[in-house]
Amino acid sequence: MPIVVALDGMLARRKMRSKELAEIIGITEANLSLLKSARWKGVRFETLERICAALDCQPGDLLEFRRSG
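## Looking at the pattern of salt bridges
So, point 1. Taken as a whole, this structure holds three salt bridges when the rule is applied.
So, point 2. Here K36 makes a salt bridge to D8, at a shortest N to O gap of 3.1 Å. Of this pair, K36 sits in helix α3 (residues 29–36) while D8 sits in helix α1 (residues 7–13); the two residues are 28 residues apart in sequence, bridging distant segments of the chain.
So, point 3. E64 is the salt-bridge partner of R66, the closest N and O atoms lying 3.0 Å from each other.
So, point 4. Residue classification places E64 among the partly exposed residues on the basis of a relative accessible area of 37%.

## Details of the environment of E29
So, point 1. Tracing the chain through its elements places E29 in helix α3.
So, point 2. The partly exposed category is assigned to E29, whose relative accessible area is 45%.
So, point 3. Through-space distance from the C-alpha of E29 to that of S18 is 6.9 Å; in sequence the pair is eleven residues apart.
So, point 4. With sequence-adjacent residues up to four places away left out, E29 is seen in contact with K19 and A22.

## Structural notes on the environment of I51
So, point 1. Topologically, I51 is positioned in helix α4 (residues 45–55).
So, point 2. The exposure class of I51 is buried, given its relative accessible area of 4%.
So, point 3. Expressed as a C-alpha distance, the spacing of I51 and L21, which sit 30 residues apart in the sequence, is 7.5 Å.
So, point 4. Those residues in contact with I51 that sit more than four places away from it in its chain are L7, I25, L35 and L62.

## Looking at the nonpolar core
So, point 1. Counting 18 residues, the largest nonpolar core has L7, L21, L32, I51, L55 and L62 as the members making the most contacts within it.
So, point 2. At four residues, the largest contribution of residues to this core is made by α4.
So, point 3. Setting aside residues up to four positions removed in sequence, L55 forms contacts with L7, M10, L11, R14, M16, L21 and L62.

## Observations concerning α4
So, point 1. Where α4 is concerned, the buried positions are T47, L48, I51, C52 and L55. For α4, the angular spread of the buried residues around the axis is 135 degrees, confining them to a single face. With respect to the buried face of α4, the exposed residues turned more than 90 degrees away are F45, E49 and A53.
So, point 2. Packing partners of the buried residues in α4 comprise α1, α2 (18–25), α3, α5 (59–62) and β2 (63–65).
So, point 3. One or two positions beyond α4, positive phi appears at D56, with a value near 50 degrees.

What counts, and at which threshold
- Residues numbered from 1 in each chain as written.
- Predicted model: local features only at pLDDT ≥ 70, side-chain atom pairs only at ≥ 80, totals over all residues.
- Heavy atoms only, no water.
- Salt bridge = Lys/Arg side-chain N within 4 Å of Asp/Glu carboxyl O.
- Helix = DSSP H or I, 4+ residues; strand = E, 2+ residues; numbered from the N terminus.
- Buried < 20%, exposed > 50% of the residue type's maximum accessible area, 1.4 Å probe, protein only.
- Contact = heavy atoms within 4.5 Å.
- Core = buried A, V, L, I, M, F, W, Y, C linked by side-chain atoms within 4.5 Å.
- Arc of directions from axis to C-beta.

Structure below.
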């Protein structure tokens, strides 16, 4: 997949656990796990906004485009 999710790294830098982030942004740990593993087809801007607010980061800090081939 050409879009890489760097959520694990950002959580580590902020010394925050997935469970805590899920509670703060109001989604289940299972859905957060799907986001972290990039097994999703889309993400709501509202969810992305909440993640960025909770982690004090920009969307570009969490998502990276990698060209294949």
